[in-house]
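Close look at the chain arrangement
The chain contents come next:
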Amino acid sequence: MMKYTLFVGCNIPARIQQYELAARSVVDKLGIKLVENQEFKCCGYPMQTSDNKTFLLMAARNLALAEKEGLDMMVLCKCCFGSLKKAAHQIQQDPELQEEINRFLAEEGLKYSGATEIKHFLSILYHDVGISVIKEKISTPFTELNIATHYGCHALRPSDVTQFDDPVQPSIFDDLVKVTGAKSVDWALQLECCGAPLMGVNDTLSMDLAEKKLVDCSRAGADYVCVGCPYCQMQFDRVQNMMVSERELTDEIPSIVYPQLLGLAMGIPEQSLGLGMNMLDITTLESFIKMETEIDSE
Amino acid sequence: MYYKFMVYMALSVFAVGLIYTVFNWFRFSIGINVKDVSPWGRITAAVRGISSLFNKEKLSILGRVFVQDILLQKHIKKQDKLRWIMHMLIFSAFMFLLIFHALDKIIVTPLHDRFYLMMNPWLIIAGLIVLAGLSISLYRRYILKVPRLKTSGMDLYTIIILVIIILSGLFMEITKLSSYEYYQKIWWVHISVCLFGLAYLPFSKMFHMITTPLSLLCNAVMDENSDPANIATRQVMELDACTHCNTCNQHCSVAVAYDNLGNDNILPAERMSFLKEYVANKKISAKKLRSIQQGIYLCTNCDRCTVVCPAGINLRELWFSAREELIQRKQPVDLMMTPFSYFRGLNHQRIDKEKYDLPLENVLNVLTADCDLSAKTLDAPIVLNQEANEFRQAMGISERTDTFSYCFSCENCSTVCPVVINYADPQQSLDLLPHQIIRSVALGLKDLATGSKMLWNCLTCYQCQEHCPQGVKVTDIFNKLKTVSIEDHK
């Protein structure tokens, strides 16, 4: 049985609980066991541009905790994922730094050696579980549903550090969407940033970037954007909702976190996926399933 | 006679203190969104709020909170069993002593005039139970050394005064049977300390006997749509409801930053101590302001403190109010240019636009002040001096930030940058383009390298770094430049 320690970070429990809820429901159905660790704290991501040392300590402490449990990490947030990967990479390149970090961690009886693998939720589904196993669990596939996959910067790049997928032509997320019966549309700005890192710093720029992406995927014929990161989800859900009033955005296109999409196709009930917790309405997604069952019964 | 005088003195100090403290709840406020409502307006708002509670739904909520959170303290039990046992021992036995001993003339004697005779052994047992609770508290603070459990003067005062009250009380009960002379002496000690404790109660941590239940009840029936005047009052009251129990410190997501940086104000419970003083006197030194600004901004808004607070304090909203007020000060907050601003951005509709933009403009102006492009003309030669050399070397080799020297100015980084693409005239809007920043580093031009708007508007999306044919770690270099600049502006 596959077993991981779940790293949810700061944003998900506070603002995107549906991501964790849906991920747990899906993972449970796939027979993966998740271990809780209440001791995990911030991954260090927001500290990266102001204080490298503190950033590394924040990340390393989490990695050391997972190491103590002897488990690999399942990370839901792509910024947490990127930040933990980055810190591990930097520490492993520099033995002196590692020693310094370990002196700090020793005060809590922790040690970082790099034994824990940091894995994003989507990577686990794709590589550890496998598309064929997921396919067997699909009971209510979608039809005629067009999805725009948004990969998320901090998982994809820098690719030599994150090793998530091909940074120029990634495919794992598209394959994961296709297995649900949905179509993954081609869109030009797929690999661009959602704008979230500048939210609060330069809101206009942050929203400009989100708006461009939304317009682009809407033109490509997508019914929904699909993401695997709380920051991207917030940008396309809560911030898009703000944009509707602030920018008179007309091409509204709701966003869904991947486990919600997969969960529906697996026949998991709506409440266990938190569909109602999104700001923009995504409950219409179920109509794409109904059509299928209607076709079956005819 | 003398005794009576002391009792009335203590009671009147207590009453005046109580009125003063409670009036302060209506007089002070934190945050920029509080409209200027007079204390009287706030009091009438509170009365209106309370009178709206008399319906079945609200009363059943209050009843549930009273039993579960105030009497049984389930909140604390969930967090830490040992602490719950400690608090229940002190709470239950102290309440017992208060009712059956301190107030015996009022409560016990009317029941039966000889009742107090059989009380003696029970009083001793109750005293011993309080002492056991206090021992656990000392054990936690000084032997177990619970992480980030800080002991302030107020915590120590509370423990000491309780120890003296109980010990003198125990000796009193024991000497009662042996020596009348000693008994009388100890009686005076016991009474004096008890009365002192009573008089000082509204100003001490012990006041949480009143404020913590009040906070739990308020937060159970209030939300963000409640009357802003009442929210303002509640937030000041919540400062008195904090018992400095440190639950939030232990759960704080950025506690590791405190461990490394040592700024007390990063920890929520310590911020509460600061705010308690600040709300009454808003004049603070530049140094203190810097420390609290960093402390309160270094927060991921993960809500954990709010979820775990045994006093039910809505810390999330309290930070929101306090943060807005503190960053409006002239002193710029460097951390505003980092993802710590995310939560503020998400909530920008809750803040007046002018007040929202002002602190951001302030900090950007300071960080970009040195970037003077007009001084760099073709006639002005670039000076490659020691300073430039030092800057280049300070870029270091960590994360290969020394790769700037590989750049041959192909401008790929600037071509793929989504920020550059977003502007019609990027040079005008951003001062420099990414490749120009890299060239500035190579030339040792620190003022340009760390001061362009481009740098502070970098998304860290890593497109530039991914697409560099020379393997220049562009984004990592940018991150490093930001940390250098923020360090310089400290």
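How each quantity is defined
Residues numbered from 1 in each chain as written. Chains lettered and ligands numbered in written order. Predicted model: local features only at pLDDT ≥ 70, side-chain atom pairs only at ≥ 80, totals over all residues. Helix = DSSP H or I, 4+ residues; strand = E, 2+ residues; numbered from the N terminus. Rg over C-alpha atoms; globule rule 2.2 N^0.38 Å. Contact = placed C-beta atoms within 7 Å. Nonpolar A, V, L, I, M, F, W, Y, C, P; charged D, E, K, R; others polar. Domains from an automatic or database assignment. Core = buried A, V, L, I, M, F, W, Y, C linked by C-beta atoms within 7 Å. Buried ≥ 20, exposed ≤ 12 C-beta atoms within 10 Å, placed from the backbone. Expected span 1.5 Å × (residues − 1). Arc of directions from axis to C-beta. Pairing = 2+ DSSP bridges. pLDDT = per-residue confidence, 0-100. Axes fitted to C-alpha atoms, helices over the stretch in contact; angles between N-to-C directions. Parallel < 35°, antiparallel > 145°, perpendicular 65-115°, else oblique. Left-handed = near helix turned anticlockwise from the far one by under 90°.

Comments concerning the overall build of chain B
- Across its full length, chain B carries 28 helices and zero strands.
- Here chain B has a C-alpha radius of gyration of 30 Å; the compact-globule value for 490 residues is 23 Å, and the former is much larger.
- C-alpha atoms of chain B, sized along the principal axes, occupy 100 × 50 × 40 Å.
- Contacts in chain B between residues at least 24 apart in sequence constitute 73% of all its contacts with a sequence separation of at least 6.

Overview of the interface of chain A and chain B
- On the chain B side, the residues contacting the 41 residues of chain A number 41 residues.
- Listing elements by their share of the side of chain A that touches chain B, those giving two or more residues are α1 (11-15), α3 (52-69), α11 (203-219) and α12 (230-246) of chain A.
- The leading source of residues in the side of chain A that touches chain B is α3 of chain A, at six residues.
- Across the side of chain A that touches chain B, the residue classes break down as 21 nonpolar, 10 polar and 10 charged.

Some points on the domain arrangement of chain A
Residue and element names in this part refer to chain A.
- In terms of domains, chain A is made up of domain 1 (3-120) and domain 2 (131-297).
- Using C-alpha coordinates to define each centre, domain 1 is positioned 24 Å away from domain 2.
- Within the residue set of the side of domain 1 that touches domain 2, elements represented by two or more residues are α1, α2 (17-29) and α4 (78-93).
- Looking at which element gives the most residues to the side of domain 1 that touches domain 2, the answer is α2, with nine residues.
- Tallied by class, the residues present in the side of domain 1 that touches domain 2 amount to 11 nonpolar, seven polar and five charged.

Brief notes about the nonpolar core
Residue and element names in this part refer to chain A.
- In terms of nonpolar packing, the biggest core is built from 194 residues, with A60, V75, L84 and C226 touching the most fellow members.
- Here this core takes 10 residues from α3, the largest share from any one element.
- Discounting residues that sit within four places of it in the chain, V75 has contacts with F7, C80, F81, L84, I118, K119, H120 and F121.

A closer look at α11 of chain A
- With 17 residues, α11 of chain A extends 24 Å from end C-alpha to end C-alpha; this agrees with the ideal 24 Å at 1.5 Å per step.
- D203, S206, M207, L209, A210, K213, L214 and C217 of chain A are the residues of α11 of chain A that are buried. Looking straight down α11 of chain A, one finds its buried side chains confined to an arc of 160°; they lie on one side. Away from its buried face by more than 90 degrees, α11 of chain A exposes T204 and R219 of chain A.
- Looking at the buried positions of α11 of chain A, the neighbouring elements they touch are β5 (146-149), β7 (224-227) and α12 of chain A together with α18 (342-346) and α22 (418-421) of chain B.
- Following α11 of chain A by one or two positions, G221 of chain A has its phi on the positive side, about 90°.

Observations regarding the pairing of β5 of chain A
Residue and element names in this part refer to chain A.
- When β5 meets strand β6 (residues 183-184), the two strands line up parallel, connected through two bridges. When the sheet's bridge partners are listed, I147 is paired in β6 with S184.
- Relative to β7, β5 runs parallel, the two being bridged by three bridges. Bridge assignment links A148 to a residue of β7, and that residue is V225.

A closer look at the confidence of the model for chain B
All names here are of chain B.
- On average, residues of chain B carry a pLDDT of 92, and 98% of them reach 70 or more.
- At the low end of the mean pLDDT range in chain B sits helix α6 (residues 104-107), at 78; at the high end sits helix α26 (residues 453-456), at 98.
- In the model output, the complex is listed with pTM 0.92 alongside ipTM 0.95.

Brief notes about the sheet that holds strand β4 (residues 118-120) of chain A
All names here are of chain A.
- Strand order in the open sheet made by the four strands is β2-β1-β3-β4, with parallel pairing throughout. Each edge of the sheet is formed by a strand with only one pairing partner; in this case those strands are β2 (33-35) and β4. Between one strand axis and the next, the sheet turns by 40° as a mean value, whatever way the strands run.
- Where α4 meets the sheet, its contacts fall on β1 (3-7), β3 (72-75) and β4, and the angle it forms with β4 comes to roughly 155°.

Describing unusual backbone geometry
- Of the consecutive residues R157 of chain A and P158 of chain A, the connecting peptide bond is found in the cis state with omega at -10°.
- Tracing the sequence through the fold places P158 of chain A in the loop between α8 (153-156) and α9 (159-162).
- In this model, N246 of chain B sits at a positive phi of 75°, which is unusual for a non-glycine residue.
- Structurally, N246 of chain B is set in the loop between α11 (228-241) and α12 (247-251).
- With 23 C-beta atoms counted inside 10 Å, the residue N246 of chain B sits in the buried group.
- One non-glycine residue, S409 of chain B, lies in positive phi territory at about 60°.

Regarding the packing of α2 of chain A against helix α13 (residues 258-265) of chain A
All names here are of chain A.
- Where α2 contacts α13, the axes come no closer than 8 Å and their chain directions differ by 40°. Here α13 runs oblique to α2, going by the angle between their axes. The crossing of α2 and α13 is left-handed. Counted together, Q18, Y19, A22, A23, S25 and V26 of α2 and P259, Q260, L262 and G263 of α13 form the full contact between these two elements.
- Among the residues forming the contact of α2 with α13, the class breakdown is six nonpolar, four polar and no charged.

Here we look at the domain arrangement of chain B
Residues and elements named next belong to chain B.
- With domains assigned, chain B is organised as domain 1 (2-211), domain 2 (254-367) and domain 3 (373-488).
- Measuring from the centre of the C-alpha atoms in domain 1 to the corresponding centre in domain 2 gives 32 Å.
- Facing 12 residues of domain 1, the contacting portion of domain 2 comprises 16 residues.
- With three residues, the single largest contributor to the side of domain 1 that touches domain 2 is helix α4 (residues 74-79).
- Residues that form the side of domain 1 that touches domain 2 fall into these classes: four nonpolar, five polar and three charged.

Focus on the environment of L264 of chain A
Residues and elements named next belong to chain A.
- Looking at where L264 falls in the secondary structure, it is placed in helix α13.
- Judged by local crowding, L264 falls into the buried class, with 26 C-beta atoms found within 10 Å.
- Separated by 163 residues in the primary sequence, L264 and I101 have C-alpha atoms spaced 44 Å apart.
- If near-sequence neighbours (up to four positions away) are discounted, L264 is found in contact with L273, L285, E286 and I289.

Points about the pairing of β3 of chain A
Residue and element names in this part refer to chain A.
- Pairing geometry for β1 and β3, over four bridges, is parallel. Its bridge partner lying in β3, L6 is registered against M74.
- As paired strands, β3 and β4 are joined by three bridges and run parallel to one another. The residue bridging M74 from the neighbouring strand is K119, located in β4.

Topic: α13 of chain A
All names here are of chain A.
- Summarising burial for α13: eight of the eight residues are buried, a large majority.
- Listed as buried for α13 are Y258, P259, Q260, L261, L262, G263, L264 and A265.
- Phi turns positive, to about 80°, at G267, one or two residues after α13.

Quick look at the environment of M154 of chain B
Residue and element names in this part refer to chain B.
- In this structure, M154 sits in helix α8 (residues 153-178).
- On the basis of neighbour count, M154 is assigned to the partly exposed category, with 16 C-beta atoms found within 10 Å.
- The spatial distance from the C-alpha of M154 to the C-alpha of K355 is 36 Å, given a sequence separation of 201 residues.
- Dropping the residues within four chain positions of it, M154 is found in contact with S204, K205 and H244.

A short note on the sheet that holds β7 of chain A
Residues and elements named next belong to chain A.
- Read from one edge to the other, the open sheet built from four strands follows the order β6-β5-β7-β8, with strand pairing classed as parallel. At either margin of the open sheet sits one strand with a lone partner, and together these are β6 and β8 (255-257).
- Direction of pairing for β7 relative to β8: parallel, over a ladder of three bridges. If you follow V227 over to β8, its bridge partner there is V257.

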